[in-house]
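Spelled out from the first residue to the last, the chains are:
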Amino acid sequence: MSPLDLPMRILVVDDEAEILDAYRQILMPSVQQGHLLHMANALFNTGRASPTPLPITDCRFFSQGEAAVSAAGEALQEGKPFGVAFLDIRMPPGINGVETAVRLRGLDKEILLVMVTGYSDHEPETITTRIPPVDKLLFLRKPFHPAEIRQLAHALGARWSLERKLGDYQRHLEETVAARSEELQQALAKAMAASQAKSNFLANMSHEIRTPMNAIIGFADLALQSQPSGKLLNYLSKISTASQSLLNIINDILDYSKIEAGKLVLESVPFYLKDSLDRLLVIFEPSLGAKDLKLTIQVSPESCYLLQGDAIRLEQILLNLVGNAIKFTRRGEVAIHVRTLHLSEERVSLEWSVQDTGIGMSPEQVQGLFQAFNQADTSTTRKFGGTGLGLAISRRLVELMGGSLTVESQPARGSRFTFALEFPYQKVETEVVSLKKNTENLPSWHHLVGVRVLLVEDNAINYQVGNEILTNGGMDVTWARNGVEALARLSESRFDLILMDIQMPEMDGYATTLVIRSLPGMADLPIVAMTAHAMNEDRLKSLEVGMNDHVSKPISRQELFTTISKWLPGKVVCSYQPTESDAIPSQTDWATPGLDFPSALQRINGKKSLLFTLFREFQQETSSMVKNLVHLLEQNHPDDREQTLRLVHTVKGMAGNVSAYRVFESSQRLEKILKQKQDEQIPLALQELQENIHQVCTSMEALLAQESGEEEVSLAHGEGLEQLILDLDLMLERKNVKSIALWEKLQQALTLTPSVMEVLPQLSEHLSRYNFSSGRLLLRELTQTLGLPLFQETTTIDDDQQAGTHISDDRHP
């Protein structure tokens, strides 16, 4: 029987036997008593109905409270609780009615209590303070009428039964809600896992697609640079255009997936709106030239302030809107208006509108315009292509930036897209320049000649790549292997800019930057992070410690020069010419699994001999690094976790700079696993990294074997000692890493006298640290020691010394 089906049980406690007997007759009348009373009512026509027996299965009667409390406890254990208790208040000996009530309520909070007394010395107010709750406590005065007891028993019994049913329903409801909540939590977890899996899949697929797309676009561009003609030019141009369009679609899909997953993070960096609008003009100029169409831009003066926000995403919004306007407008005008809505001391609210004179849209087309993968014209004969993602992404980006994107359009009368955003701003004293295409405003890196750069990098391969890119741009580079050396270099010389690696031994990039910013006169020195840490949170951390910008590895010449130019405005000197350019190999040389040879060669300005030197160093260094990595992971000591991460990070940076893309990807994956402490995935990730390193080293070995017929260090005019010195001097002047191999060959030809032995270690030390200018001075000292009058010397100011030697000879008048 369910607890809800139990009839009520009553407990009666009174120390007078006559009163207990009266309770028995009232609450549990016998059948005979009921029959006689029925006959008497019928005979005398009293009109009284015979008493109806109460639905009570058990009535227990006690003369003292302790026994009643004990019986109530046993009843609870048996699952047959008492519903109502009639308690006399004054009951000697033992506990009285009030104490009995307190104990009963302590056993069962649901029992209904009726306090019965013939005295007035127990006030209800006093009793209720000891026996809450008040709504389950009643008072009855003696002498009582039998009808009072019967009515109370009926009423309280019904209440007790209803409360038990309600409580059971509530418990059932709570259990149902809890079960449903658990189901919803599980469903939510599955949905989040599915969303994460979708995001991971899209990100991975995007990366996998980008890799061959990079090769297609790169090879197409290289082929176009060979100046083809006829059909071949036509084919290659179409391949280049189509591959770029495909890459744009991939970018749109990835952006949309990030927005849907809530993973897209907006940046907050200083930018000039004029720069963004100038780039729009450059990008869309070819499209405008193909149509009878002009693009005009009108801006308010406040838009030329230095704004703080995500310039890249703002440009993406404008690219989509202007691109659509040009696509759907055959003739007339596309106009961009930027006006000020509100201006305070710290913030400016700007409104953008993009208006065209194109085909326009109907109200039905406008209604579904911002839905993903939706287009105004969905017919199979539609004239205009596209994925239908551009406007959906633009609206979501505007919303993420705190605004809303709206459209007004009529068929054959064009469209007008409008959105407003608010930015923190800084007023800059500058003249408002008209926005038009101007080749002088396009990126130019000739002005970087003579810029003094401190390159802080602990890995030699990464330094060589960075040094080659920078010196080919005309910059003067000084190397520091870690933060401690960087601080020493800063105390010795003045620099225009610092390129700072993050993970380094002794003192990392973050700590070094904090120290530099605390030094007198170093608050405004530009510091740019140049690291394999490419996530947005890494860039934000770099900015928090005082760096100005962030460039990720593998190093892109365009990105690096653009970033340096941004922080060193106005340093225009003269243009430069590369000092060396080895021939780019034929296409058959590019069949190198795991290695993007053209990309690596392009990064160091086509210098194949330098790239082969980097390949040799990569093979040597990764061999020892992998052994150390395997040892650290086998030990699995918590104190070694940071060293393990730094080792994997170094491999990733090296791989990126020599375009060993599979090693880069697998080391990036292992680095992520180590950071998230997913130890069960380490063995598989380590095995993948080892296999990819072996593959790329095999590819490098194949390329190096092609050069085996050539002498590693070629001399221009024979093998004599004087010629070796002249050739080494030339390599040092050009800051060429070939000077290291040439120096080793020169040492073998030297006669080791005490005076020569004094110079050799110093020169070796400077060359090992790629201090070419200092090495050149020491080579001059060595030449004097040997008594060889090869050079004329004049005192001047040198790059690395306050007073040095200007070197000249017959080859360099």
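See the structure above.
A quick note: this is a predicted structure, and the numbers were derived from the prediction, not measured. (Residues numbered from 1 in each chain as written. Predicted model: local features only at pLDDT ≥ 70, side-chain atom pairs only at ≥ 80, totals over all residues. Heavy atoms only, no water.)

### Here we look at the overall build of the protein chain
Counting its regular elements, the protein chain contains 25 helices and 19 strands. A burial count over the protein chain gives 45% of its 813 residues as buried. In the protein chain, of all internal contacts separated by at least 6 residues, the share reaching a separation of at least 24 is 71%. Carbon together with sulfur atoms contributes 53% to the accessible area of the protein chain, which is approximately 42,600 Å² in total. (Helix = DSSP H or I, 4+ residues; strand = E, 2+ residues; numbered from the N terminus. Buried < 20%, exposed > 50% of the residue type's maximum accessible area, 1.4 Å probe, protein only. Contact = heavy atoms within 4.5 Å. Areas by Shrake-Rupley, 256 points an atom, 1.4 Å probe, with all protein chains shown as cover.)

### Some thoughts on the side chain of N692
Looking at the secondary structure, you find N692 in helix 21 (residues 682-706). With relative accessibility at 13%, the residue N692 sits in the buried group. If sequence neighbours within four positions are ignored, N692 has contacts with R662, V663 and S666.

### Some remarks on the nonpolar core
Counting 84 residues, the largest nonpolar core has L470, L499, F615, F618, V663 and L670 as the members making the most contacts within it. With near-sequence residues (within four places) excluded, L670 lies in contact with L629, V648, I682, A685, L686 and L689. Ranked by size, the runner-up nonpolar core spans 44 residues in total, among them L273, I317, L318 and L350. (Core = buried A, V, L, I, M, F, W, Y, C linked by side-chain atoms within 4.5 Å.)

### What about the sheet that holds strand 17 (residues 549-552)?
Overall, parallel pairing links the 5 strands, which are arranged 14-13-15-16-17 in an open sheet. Since the sheet does not close on itself, it has two edges, and those belong to strand 14 (476-480) and strand 17, each with one partner. Strand-to-strand twist across the sheet, computed as the mean angle between neighbouring axes with direction ignored, equals 25 degrees. For strand 13 (residues 452-456) and strand 14, the ladder comprises 5 bridges, and the chain directions are parallel. If you follow V456 over to strand 14, its bridge partner there is A480. (Pairing = 2+ DSSP bridges. Axes fitted to C-alpha atoms, helices over the stretch in contact; angles between N-to-C directions.)

### A look at the pattern of salt bridges
A pair can form between side chains of opposite charge whenever their charged atoms are brought close. This model, assessed by the stated rule, comprises 21 salt bridges. Note that R347 is salt-bridged to E422, the shortest N-O span being 2.8 Å. One end of the pair, R347, is in strand 10 (residues 347-356); the other, E422, is in strand 12 (residues 415-426), with 75 residues separating them in the sequence. The class for E422 is partly exposed, based on a relative accessible area of 39%. Put simply, D476 and R452 hold a salt bridge, and the shortest N to O gap is 3.1 Å. Residue D476 is found in strand 14, and its partner R452 is found in strand 13; the two are separated by 24 residues along the sequence. Taking relative accessible area as the criterion, D476 reaches 11% and is therefore assigned buried. Through salt bridges with shared partners, a single ionic network connects E110, D135, K136, R159 and E163. (Salt bridge = Lys/Arg side-chain N within 4 Å of Asp/Glu carboxyl O.)

### Some points on helix 9 (residues 311-327)
Relative to the 24 Å expected for 17 residues at 1.5 Å per residue, helix 9 spans 24 Å between its end C-alpha atoms, a close match to the ideal helical length. For helix 9, the tally of buried residues reaches 12 of 17 residues, placing the bulk of the element in the interior. Here helix 9 has its buried residues at A311, R313, L314, E315, Q316, I317, L318, N320, L321, V322, A325 and I326. Where helix 9 starts, the residue carrying a side-chain oxygen 3.3 Å from the main-chain nitrogen of I312 turns out to be D310. (Expected span 1.5 Å × (residues − 1). Polar contact = N/O pair within 3.5 Å; in protein donor to acceptor, adjacent residues only side chain to side chain.)

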